[in-house]
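Fold and geometry: a report
Spelled out, the chains give:
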Amino acid sequence: MAIKTGKQYIDSLRDGRRLHIDGKVVSDVTAYPPLQGVIGTIASLHDDQHDPAYQEMLTYRSPTTGKAVSTTYLEARTAEEFKALAGCFHLRALRTFGLMGRLTDFMSAFLVDQAVALRALGKTEAAARAQHMVEHCRENDLQVTHALIDPQTDRSTLDAPSQAVQVVERRAEGVVVSGCRMLSTLAPVANECYVGPYYPRQPGEEKFVLAFVVPINAPGLSILARESFHRGEDAFDRPLSSRFDEGDAILMFDKVVVPHDRMIIDGDLEAYNGMLSARPGYTPIQATIRSTMKLRFLAGVATAIARANGRDKLPRFQAAIGELIALVSVAEGIRAGAIEEGLRRAEAFAAGKLKIEGDGLSEPKTIGVCGGAAINFYFPYANTKAADVLRLAAGSGVLAMSGADYAHPEVGPLMDKWLIGPGIDAKRRLELMKLAWDMTGSEFGSRAGLYERLYSGDPEINAQRWFRSGITRECESLVHELLKA
C-alpha cells in the first residue's frame, strides 16, 4: 500500500478493536466523539505525505518495493541520510508543536533501532523477524504504539511480576501470551502494538522475555484507556485537548496468539537485554527533536502571554523567558549531538563494533548517549521550567471565561472595552489565556507535565544506570590523576 491518505488511515481504524474508555466499550473509534480531534490530527499527517510541499521531506523510496514510504523508517547510514531522517522528524514535530510524544515516529525509530541492534549482536533469526516487522509497518504506513512496562504490582523490585505478559501455551500457529502491559500511549487510535524490553530480565524469567508486534484488534487483546480529556469543548476553549489528546492505556492480553513471524524474541535473554544498549540511536534522535519542538512551543506561549499582559517589559520576565530561549539553544545542540552520535554508531556497527569509543586524549574514551541522557534529565527539567514560567507569566488571567461568554451580546462588548492588553484585543487575549490554561491547568496540561517527567521511565532507575556508566569511572579517574601528580 505504501503511504496512506488521511481517509485511508481513518478507514483502517474500523477494525472491531475492543477499547474500554469512559465507561463504554468502543469497537469503532472513528465514531467516538472524544477521539475525533486526535484522529483528525493524525489523518492530516498522513495527508502531508501526499502534499507536494512536504512529500520529498516526509517520504523516501522503499528499498523493497520502490514505492514512497515514510522517512521515519529510514535506516540512516550516511550523514546525508541522517540529515534527511532528522528533517522528517522535525517537520512532523513542527506540525504537531511537539505535543504528541508517542506519534508513530517514535516507534518507527524504535523498530529500526531494534532490527539493527539484533543484527549487530549476531542474533540473525531475531534480526530477520525484527526487519520483517519494520517492513510490515513501513509498507502499510501503520500507526504503532508500544507497551514496555510491567504492571505496577510491586514497584520495590524490578523482577517480573506474575501479572506481566508471559507465554502460557505454544501452538503450531504461534505463541499464546497472557498478562498485562502498560503504558500504551496512542493505543486507542493505533493500528499495531509492540511489546518488548525496557528494563532487563533475569535468568529464570525466560517466559517473560518477549518482544513481538500484534494488531491492536488481535483476538483476546483489550485496551483499557484512561478517561478522555476532550469532552466536546469548543477548540477556542480547548485548543490543545481538542487536537492532541493521544490517549494512554493499559493493555490486557487474554490468551492472545502471536504468530511466529511476529514473535521477534522468545526467551533469548542475551538478545532481549542486549538490544537495549546495542543500537545506533534513531530513537533518541526522534525524542530529542520532538522534545526540543515542545520546548520551543512552551517558550513561544510564555512570550506571547507576557506580551499580551505587558509583563514582557519587566526585567523579571525578560530574564525568565530569556533563560527559556537559552534552554532552547542548548536543546538544539543536543539535537545536533544526537545526530552526530547516531552517525558514528552506524559507522561503527557497519565495521562490526557494538559501541563507539574515543582515544581518551582528544576526546573521552567512553562516549555516552547524549540524546538518551537529555530525555532522561534535561528535557524533563527544561519543559517543566518552561511550564512554570508560562504559569507565572499568565498569572490568574488563565482563570478565564469561555468563548461562548465572549460571544454573548451582553458580555462581548464589555470585554472588548475592559479586558484588553497592550496592542491586543479582548478576543485574542482570551484565546491566549485559554491556550495557556490548556497547556498548564487542564487535565491535558496536567498530564503533559507528568508525561514529560516520566517520558523515559523512572528517573531514579535512569540515574542509577548512569551511575554504572564508564563515564562515572572516567570522571573519578581525573581526581586520582591529580592526586598522583
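Residues numbered from 1 in each chain as written. Predicted model: local features only at pLDDT ≥ 70, side-chain atom pairs only at ≥ 80, totals over all residues. Heavy atoms only, no water.

1. A closer look at the overall build of the protein chain
Within the protein chain one finds 17 helices and 12 strands. Relative to its length of 485 residues, the protein chain is compact, with a C-alpha radius of gyration of 24 Å against a globular reference of 23 Å. The principal-axis extent of the C-alpha atoms belonging to the protein chain is close to 70 × 70 × 50 Å. Residues classed as buried in the protein chain amount to 54% of the 485 residues present. Sequence separation of at least 24 residues holds for 77% of the intrachain contacts in the protein chain that already meet a minimum separation of 6. Of the roughly 21,300 Å² of accessible surface on the protein chain, a fraction of 57% belongs to carbon and sulfur atoms. (Helix = DSSP H or I, 4+ residues; strand = E, 2+ residues; numbered from the N terminus. Rg over C-alpha atoms; globule rule 2.2 N^0.38 Å. Buried < 20%, exposed > 50% of the residue type's maximum accessible area, 1.4 Å probe, protein only. Contact = heavy atoms within 4.5 Å. Areas by Shrake-Rupley, 256 points an atom, 1.4 Å probe, with all protein chains shown as cover.)

2. Observations concerning the sheet that holds strand S11 (residues 249-259)
The sheet built from 6 strands is open, its strands ordered S2-S1-S10-S11-S7-S6 with mixed pairing. Each edge of the sheet is formed by a strand with only one pairing partner; in this case those strands are strand S2 (24-26) and strand S6 (166-171). On average, each strand axis in the sheet is inclined to that of its neighbour by 20 degrees, with strand direction left out of account. (Pairing = 2+ DSSP bridges. Axes fitted to C-alpha atoms, helices over the stretch in contact; angles between N-to-C directions.)

3. Details of the pattern of salt bridges
Scanning all chains against the criterion turns up 36 salt bridges. Between Arg14 and Asp28 there is a salt bridge whose closest N-O contact spans 4.0 Å. In this pair, Arg14 sits in the loop between helix H1 (6-12) and strand S1 (19-21) while Asp28 sits in the loop between S2 and helix H2 (36-48), placing the two residues 14 residues apart along the sequence. Under the relative-accessibility criterion, Arg14 is labelled partly exposed at 46%. (Salt bridge = Lys/Arg side-chain N within 4 Å of Asp/Glu carboxyl O.)

4. Regarding helix H9 (residues 282-309)
An ideal rise of 1.5 Å per residue puts 40 Å on 28 residues; H9 measures up with 41 Å between its terminal C-alpha atoms. Most of H9 is tucked away, with 23 of its 28 residues classed as buried. Downstream of H9 by one or two residues, Gly310 has phi in the positive range, about 85 degrees. (Expected span 1.5 Å × (residues − 1).)

5. Description of the packing of aromatic side chains
Scanning the model with the defined rule gives 10 aromatic pairs in all. Through successive ring pairs, a cluster of aromatic residues spans Phe106, Phe110, Tyr194, Tyr451 and Tyr455. The side chain of Arg102 reaches across the aromatic face of Tyr455, ending 4.5 Å from its centre. (Phe/Tyr/Trp six-rings, centres within 6.5 Å; stacked < 30°, edge-to-face > 60°. Lys NZ or Arg CZ within 6 Å of the ring centre and 35° of its normal.)

6. Comments concerning the sheet that holds strand S9 (residues 210-215)
Here 4 strands make up an open sheet; going across it, the order is S5-S8-S9-S12 and the pairing mixed. Looking along the sheet, the strands with just one partner apiece sit at the ends: strand S5 (144-147) and strand S12 (263-266). Each strand of the sheet is rotated relative to its neighbour by a mean of 20 degrees, with strand direction disregarded. Direction of pairing for strand S8 (residues 192-195) relative to S9: antiparallel, over a ladder of 4 bridges. By the bridge assignment for S9, Val195 is matched with Phe212. Sitting on the sheet, helix H5 (residues 104-120) touches S5, S8, S9 and S12, and the angle it makes with S5 is about 70 degrees.

7. Here's the deal with the packing of helix H10 (residues 315-350) against helix H11 (residues 370-394)
Between H10 and H11, the shortest axis-to-axis distance is 10 Å and the interhelical angle comes to 160 degrees. If you check the angle between H10 and H11, you find them roughly antiparallel. H10 and H11 meet at a crossing whose hand is left-handed. Taken together, the residues that form the contact of H10 with H11 break down as 20 nonpolar, 2 polar and 4 charged. (Parallel < 35°, antiparallel > 145°, perpendicular 65-115°, else oblique. Left-handed = near helix turned anticlockwise from the far one by under 90°. Nonpolar A, V, L, I, M, F, W, Y, C, P; charged D, E, K, R; others polar.)

8. A word on the nonpolar core
Among the nonpolar cores identified, the biggest contains 133 residues, and Val177, Tyr194, Phe212, Phe253 and Ile265 are the most heavily contacted of them. Looking at this core, the element that brings in the most residues is H9, giving 13 residues. In this structure, Phe236, Tyr406, Met415 and Ala426 belong to the second largest nonpolar core, which totals 5 residues. (Core = buried A, V, L, I, M, F, W, Y, C linked by side-chain atoms within 4.5 Å.)

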